[in-house]
Amino acid sequence: MSNLFRRKKQLIINNVVMPDLEIDFNIAFNADDEQPVNDVSIINLTPETIRGIGNGQTVILNAGYGDNIGNVLVGKISDTSTSSSGVDRTLKLMVTPDVNVTLSTTVSKSYAPGTMASFAVKDLLNGIGLEVGTIKLNADICYTDGKVFSGTVDAALKEIVQATGSFMFVRCNIIYIVDSVYEIDTGILLNASTGLIGSPEVVDINGAKGYKITSLLNPMLTLGSVFRLESKYLSGLFRVQNGTHSGDFLTVVNCFPTDEVSRYVPPVKNSGGSGENTPKGKIWTFLINKGFSKAATAGVMGNIEVESGYDTNAENPSGAYGLFQWLGGRREGLEAFATSKSCAVDDLQLQMEYFYYEVTTGGESDCFPTYTDLPSLDAFKSLTDPEAAAILFEQAFERSGGAGMSQRIEYALAVYAWDGGKSTGSGTGDGSDGNFPAGAFKCACGCGLDAIPELKNKMNQVWDNVGGNIQITSGARCENQNRKDEGAIDSLHLTGEACDCYIPGAGVDYLYNAAQAVGLGTLRYYDMGFVHCQTWPADEIRG
């Protein structure tokens, strides 16, 4: 099938999914803290729909090819215009990234003598509705005489960044302040078969030699993304400095070579495992038993995953606590509820019961009609769209100002597909093949020798964390198969404690990072493009 027919896009305006019409867009990203204003054009919307779209509304654009669809823009409409050409009518939206709007917020902050710059940064960012990534100053300083910031949040942060020799970036609408050039390992292997178009071109990037690379639209290629390039004349690791995603479904990036795999490894998604005996499974069961639809349950859980990662003891610097990150009086209400029940405040069942008390008879009983167009909690419970549920729950209950919305949606959709652990191929943690095809870990000769449960369980965790599609090329091996494969005489394949695997289209380091994160030992074979995973500790490069 032609790649043209694998294109996917989704445009959401003011929480309404737009019809699947022709759209054009030009989404730019760069290393500045202030991101460019972008344009999105929609062809042949009805006049009634056009009249309902205006300045200040939130725009979410997701796009990509096949299964690789992701968020490329979240922002607010700053201007609209319409034009006609023949029978076609075009609505053009100018969309200001949310981060620009948020950083222009005016603040007046005074800090006492002895305050550290790191504290001021976190305090300035706290509560402004902006998702915050890594905060790691290059050289923390002390304001011995105190400090006053009066103006925009952006100006205050820039002053701190300059004084501490740090770097401030915005990536995927998330702000980072770090001690060195920001890099994140995407695991992408870019070549002619995975989306590379044409040959890399030498370009000047701020006075330094770089490369311009064009590929099929890939939302993972954005500021700071590190990927592995394979082309006829140029190969290696590269870091994206700036670029664009465009409506002709191309991504064009300007990038520098890098010898770093990654300075900041992407966090492993805390899926919570599968089944009713895990936090994730218990929350699913609780909500379903309370009458929430699958979609509504997924919407709530997508928000929980962003807020706390299913950790009942999670606490952020501002004091927000628990599964839903209760803050201030709401946290005090949780603690009083725990005391009245003679139960630990970090008990999962207690926190879920308190949540349900809040939305039924407590202080949040009117949150849906107050903050959304839904008339009641029952209306939310009946939703059939997990994406809409994620958005509406954030607006009604979390009220974070839309922070991390793309992740809330992504996790809600994943939970909806997971279906409480009943979806096909779900890893169960019981030593079965789980996500993998039946027999994937068995000896290739057909003798029946299989991998041990510990290896299977951990590999299923890796599958969940990277989103699947791990290919096992060699699992358990009997002695005859091991000789045929020219394996070591003491190979852990012989005892079912090792397997060799890869992810199509992804780099060795992406799978390596995920395997190490769940406690597997690894041997990396860059020359052959696979990772050897084993239950014994190891971290070596073999080729």
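Overview of the structure.

Thresholds, definitions, all that
Residues numbered from 1 in each chain as written. Predicted model: local features only at pLDDT ≥ 70, side-chain atom pairs only at ≥ 80, totals over all residues. Heavy atoms only, no water. Helix = DSSP H or I, 4+ residues; strand = E, 2+ residues; numbered from the N terminus. Buried < 20%, exposed > 50% of the residue type's maximum accessible area, 1.4 Å probe, protein only. Axes fitted to C-alpha atoms, helices over the stretch in contact; angles between N-to-C directions. Parallel < 35°, antiparallel > 145°, perpendicular 65-115°, else oblique. Left-handed = near helix turned anticlockwise from the far one by under 90°. Contact = heavy atoms within 4.5 Å. Nonpolar A, V, L, I, M, F, W, Y, C, P; charged D, E, K, R; others polar. Pairing = 2+ DSSP bridges. Core = buried A, V, L, I, M, F, W, Y, C linked by side-chain atoms within 4.5 Å. 1 Å grid on protein atoms, 1.4 Å probe; cavity = no way out; pocket = protein on both sides within 12 Å on 5 of 7 lines; lining within 4 Å. Points joined across faces, edges and corners; volume = space filled by probe spheres on them. Arc of directions from axis to C-beta. Salt bridge = Lys/Arg side-chain N within 4 Å of Asp/Glu carboxyl O.

## Side note on the overall build of the protein chain
Broken down by element type, the protein chain carries 15 helices and 25 strands. Counting over 543 residues, the protein chain shows a buried share of 50%.

## Description of the packing of helix H11 (residues 386–398) against helix H12 (residues 405–418)
Running from N to C, H11 and H12 cross one another at 130°; their axes reach a closest spacing of 8 Å. Relative to H12, the element H11 is oriented oblique. Considering the relative orientation of H11 and H12, their crossing is right-handed. Mapping the contact onto sequence places Pro386, Glu387, Ala390, Ile391, Glu394 and Glu398 in H11 and Met405, Arg408, Ile409, Ala412, Leu413 and Tyr416 in H12. For the contact of H11 with H12, a count of residues per class yields eight nonpolar, no polar and four charged.

## Observations regarding the sheet that holds strand E21 (residues 471–474)
Taken together, five strands build an open sheet; the order of strands is E21-E22-E24-E23-E25 and the sheet is mixed. The strands lining the two open edges of the sheet, one partner per strand, are E21 and strand E25 (539–541). Strand after strand, the sheet turns through a mean of 25° between neighbouring axes, direction not considered. Two elements, strand E22 (residues 498–502) and strand E24 (residues 530–534), share four bridges in a ladder whose sense is antiparallel. Looking at E24, one finds that Cys501 is bridged to Val531.

## Observations regarding the nonpolar core
Core analysis: the largest hydrophobic core is formed by 38 residues, its most contacted members being Ile283, Leu287, Phe292, Phe324, Met352, Phe355 and Phe380. Going through the elements one at a time, helix H5 (279–289), helix H6 (294–307), helix H7 (329–340), helix H8 (348–360), helix H9 (367–371), helix H10 (377–381), H11 and H12 are the ones with two or more residues in this core.

## Notes on the layout of surface pockets
As a volume, the second largest pocket reaches approximately 300 Å³. As for the second largest pocket, its lining consists of 17 residues, and the residues nearest its centre are Ser491, Leu523, Tyr525, His532 and Arg542. At three residues, E24 tops the list of elements feeding residues into the lining of the second largest pocket. Of the residues contributing to the lining of the second largest pocket, the split by class is eight nonpolar, five polar and four charged.

## What about helix H3 (residues 117–125)?
Every buried residue of H3 is accounted for by Ala117, Ala120, Val121, Leu124 and Leu125. For H3, the angular spread of buried residues about the axis comes to 125°, placing them on one side.

## Quick notes on the environment of Ala112
Counting through the fold element by element, Ala112 comes out in the loop between strand E8 (106–111) and strand E9 (115–116). Taking relative accessible area as the criterion, Ala112 reaches 47% and is therefore assigned partly exposed. The sequence separation of Ala112 and Lys147 amounts to 35 residues, and the corresponding C-alpha distance is 6.8 Å. In contact with Ala112, not counting residues within four places along its chain, are Tyr143 and Gly146.

## Details of the packing of H5 against H6
Following both chains from N to C, one finds H5 and H6 inclined at 140°, their axes separated by 10 Å at the closest point. As far as their axial angle goes, H6 and H5 are oblique. Of the two elements, H5 crosses H6, and the hand of that crossing is right-handed. Seen from H5, the contacting residues are Lys280, Ile283, Trp284, Leu287 and Ile288; seen from H6, they are Lys294, Thr297, Val300, Met301 and Ile304. In terms of residue class, the contact of H5 with H6 is made up of seven nonpolar, one polar and two charged.

## Observations regarding the pattern of salt bridges
Counted according to the given criterion, the structure contains 16 salt bridges. Measuring nitrogen to oxygen at the nearest pair gives 3.0 Å for the salt bridge that ties Arg331 to Glu335. Of this pair, Arg331 and Glu335 both sit in helix H7, four residues apart, which is roughly one turn of that helix. One network of salt bridges, with partners in common, ties together Arg330, Glu358, Glu364 and Arg399.

## A word on unusual backbone geometry
Phi is positive for Asn44, close to 65°, though the residue is something other than glycine. Within the fold, Asn44 resides in the loop between strand E4 (38–43) and helix H1 (47–51).

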